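Below are the chains, spelled out letter by letter.
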Amino acid sequence: MATLSKSLTTMPADRQPVAGAVAALAAVAAELSALIRHAESTAQLGAVRGSANADGDDQKKLDVLADEMIASALADCVGVAAYLSEERDDAVTLHDGGDVIVASDPLDGSSNIDTNVSIGTIFSILPAAGGHLQAGRNQLASGIFVYGPQTTLLVTFGDGVHAFQLAEDGQFYDMGWQVQIPPKTSEFAINASNSRHWMAPVSRYIADCLAGDAGPRQRNFNMRWVGSLVADGWRIFRRGGIFLYPADARKGYEAGRLRLVYEASPMAMLVSQAGGRASDGQQDILDIVPTSLHQRVPLVFGSANEVDEFINYGS
Ligand code: F6P
């Protein structure tokens, strides 16, 4: 069976900086996976560390650890010019003349760390020449590692999405899965506890889904919400669905909750490479040029027909 390390080493010379960064991230992911599974460490890793990260979220011990492990792994990759992280206010400059920039949410789904629910690492790889703030369309690669019942990687280098699973020997093996998001779905994911804060089009769209076969959509919908973007995303790659974290009326949620550079953009590249769509309700996520490192963006992604349907409700 093909391994990730084999496919990375056989990539062409001009792709080696990207390959090197993915190899470094995969090594960290394997270490994190082992750490998370270690009986004694779990509760401690979910402890609040005291300070809030660049976005004002509580920082957990595992957030900080994952960030430090990635920073140190990338420091050994001469092809990486800079590291952008959810856990740091500013970019970390690494190698002069490096070809790529790596942006990452080192530990996504922190509120699930000590609940035995899937969490993950998200990454985006951009050409260094474009600077720190580039449209997602420029990404050379992106991916998500998920630490769940299986530790897995979904990665794209711009030629489709490849799925790998971590085995006991520390290698990621190709899962032999043609990753394609079915265009049609009857399953949505949204944090419904925010419904009183939603904008009218979101309320209308969800109300029509909930109305089921008696409503205008003329079919019944199912609902899922894991609360870890990586896990909700993984399910959608597997069987379709629509994920929504829209803007809402709460203070600080005017542009939703998720971060453009290291959450929405990498997810959007994966989604579009798997035949799905990712939008902020108006434009494709991949076309948005960030104006700051930690900027938030409303995020709707998944099965192409359903994302289009949502967009038709207006926003
Ligand atoms: O990174 C933010 C995140 O934890 C995502 O993984 C998840 O989709 C979302 O926040 C959950 O938000 P909420 O706390 O509103 O359910």
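All values reported here derive from a predicted model rather than from experimental measurement. (Residues numbered from 1 in each chain as written. Predicted model: local features only at pLDDT ≥ 70, side-chain atom pairs only at ≥ 80, totals over all residues. Heavy atoms only, no water.)

### Observations regarding the overall build of the protein
Argument step 1. Assigned secondary structure in the protein consists of eight helices and 15 strands.
Argument step 2. Scaling as 2.2 N^0.38, a compact globule of 315 residues should have a C-alpha radius of gyration of about 20 Å, and the protein matches this with 19 Å.
Argument step 3. C-alpha extents for the protein along the principal axes are approximately 55 × 40 × 40 Å.
Argument step 4. Among the 315 residues that make up the protein, the fraction classed as buried is 56%.
Argument step 5. Residue pairs at least 24 apart in sequence account for 61% of intrachain contacts in the protein once pairs closer than 6 positions are excluded.
Argument step 6. Carbon together with sulfur atoms contributes 50% to the accessible area of the protein, which is approximately 12,900 Å² in total. (Helix = DSSP H or I, 4+ residues; strand = E, 2+ residues; numbered from the N terminus. Rg over C-alpha atoms; globule rule 2.2 N^0.38 Å. Buried < 20%, exposed > 50% of the residue type's maximum accessible area, 1.4 Å probe, protein only. Contact = heavy atoms within 4.5 Å. Areas by Shrake-Rupley, 256 points an atom, 1.4 Å probe, with all protein chains shown as cover.)

### A look at the sheet that holds strand 5 (residues 100–108)
Argument step 1. Across the sheet, eight strands lie side by side as 4-3-5-6-7-8-9-10; this open sheet has mixed pairing. Either end of the sheet is taken by a strand with one partner, and the two such strands are strand 4 (92–93) and strand 10 (172–174). (Pairing = 2+ DSSP bridges.)

### Some remarks on the domain arrangement of the protein
Argument step 1. As far as domains go, the protein holds domain 1 (4–174) and domain 2 (187–313).
Argument step 2. The C-alpha-based centres of domain 1 and domain 2 are spaced at 23 Å.
Argument step 3. Each partner contributes to the roughly 2,900 Å² buried at the junction of domain 1 and domain 2, and carbon and sulfur atoms together form 62% of this total.
Argument step 4. Our enumeration of links across domain 1 and domain 2 arrives at three salt bridges.
Argument step 5. With its nearest N and O atoms 3.8 Å apart, the salt bridge here joins Arg137 to Asp284. (Domains from an automatic or database assignment. Buried area = accessible area lost by both parts, 1.4 Å probe. Salt bridge = Lys/Arg side-chain N within 4 Å of Asp/Glu carboxyl O.)

### Things to note about the packing of helix 6 (residues 229–239) against helix 7 (residues 260–273)
Argument step 1. Their axes nearest at 12 Å, the elements helix 6 and helix 7 cross at an angle of 10°. Regarding the angle of helix 6 to helix 7, the classification is roughly parallel. Between helix 6, through Leu229, Val230, Gly233 and Phe237, and helix 7, the contact on the second element is made entirely by Glu263, Met267, Leu270 and Val271.
Argument step 2. Split into classes, the residues belonging to the contact of helix 6 with helix 7 amount to six nonpolar, one polar and one charged. (Axes fitted to C-alpha atoms, helices over the stretch in contact; angles between N-to-C directions. Parallel < 35°, antiparallel > 145°, perpendicular 65-115°, else oblique. Nonpolar A, V, L, I, M, F, W, Y, C, P; charged D, E, K, R; others polar.)

### A short note on the site of the ligand
Argument step 1. Neighbouring the ligand are 13 residues, the closest being Asp108, Leu229, Tyr245, Arg257 and Glu263.
Argument step 2. Note that an oxygen atom of the ligand is positioned 2.8 Å from one of the side-chain N or O atoms of Asp108.
Argument step 3. Take Asn191: an N or O atom from its side chain is 3.0 Å from an oxygen atom of the ligand.
Argument step 4. When the ligand is considered free in solution it has 400 Å² of accessible area, and contact with the protein chains removes 84% of it.
Argument step 5. Split by residue class, the shell around the ligand holds five nonpolar, four polar and four charged. (Near = heavy atom within 4 Å. Polar contact = N/O pair within 3.5 Å; in protein donor to acceptor, adjacent residues only side chain to side chain.)

### Considering the pattern of salt bridges
Oppositely charged side chains may form a pair once their charged atoms are brought near each other.
Argument step 1. The full count for this structure, using the stated rule, is 13 salt bridges.
Argument step 2. The partner of Arg239 in a salt bridge is Glu187, and the shortest N-O contact between them spans 2.9 Å. One end of the pair, Arg239, is in helix 6; the other, Glu187, is in strand 11 (residues 187–189), and 52 residues separate them in sequence.
Argument step 3. By relative accessible area, Glu187 is classed as buried at 9%.

### Structural notes on the side chain of Asp232
Argument step 1. Structurally, the position occupied by Asp232 is in helix 6.
Argument step 2. Overall, Asp232 belongs to the buried group, its relative accessible area being 0%.

### A closer look at the sheet that holds strand 15 (residues 299–302)
Argument step 1. Read across the sheet, five strands follow the order 12-11-13-15-14 without closing on themselves; strand pairing throughout is mixed. Only two strands of the sheet have a single partner each, and these edge strands are strand 12 (222–223) and strand 14 (277–279).
Argument step 2. In terms of strand pairing, strand 13 (residues 242–245) meets strand 15 through four bridges, oriented antiparallel. Note on strand 15: the bridge partner recorded for Ile242 is Gly302.

### Considering helix 8 (residues 304–312)
Argument step 1. Here helix 8 has its buried residues at Ala304, Glu306, Val307 and Phe310. The arc that holds the buried residues of helix 8, viewed along the axis, is 165°, so those residues lie on one side.
Argument step 2. Where helix 8 is buried, its residues contact helix 5 (200–210), strand 13, strand 14 and strand 15. (Arc of directions from axis to C-beta.)

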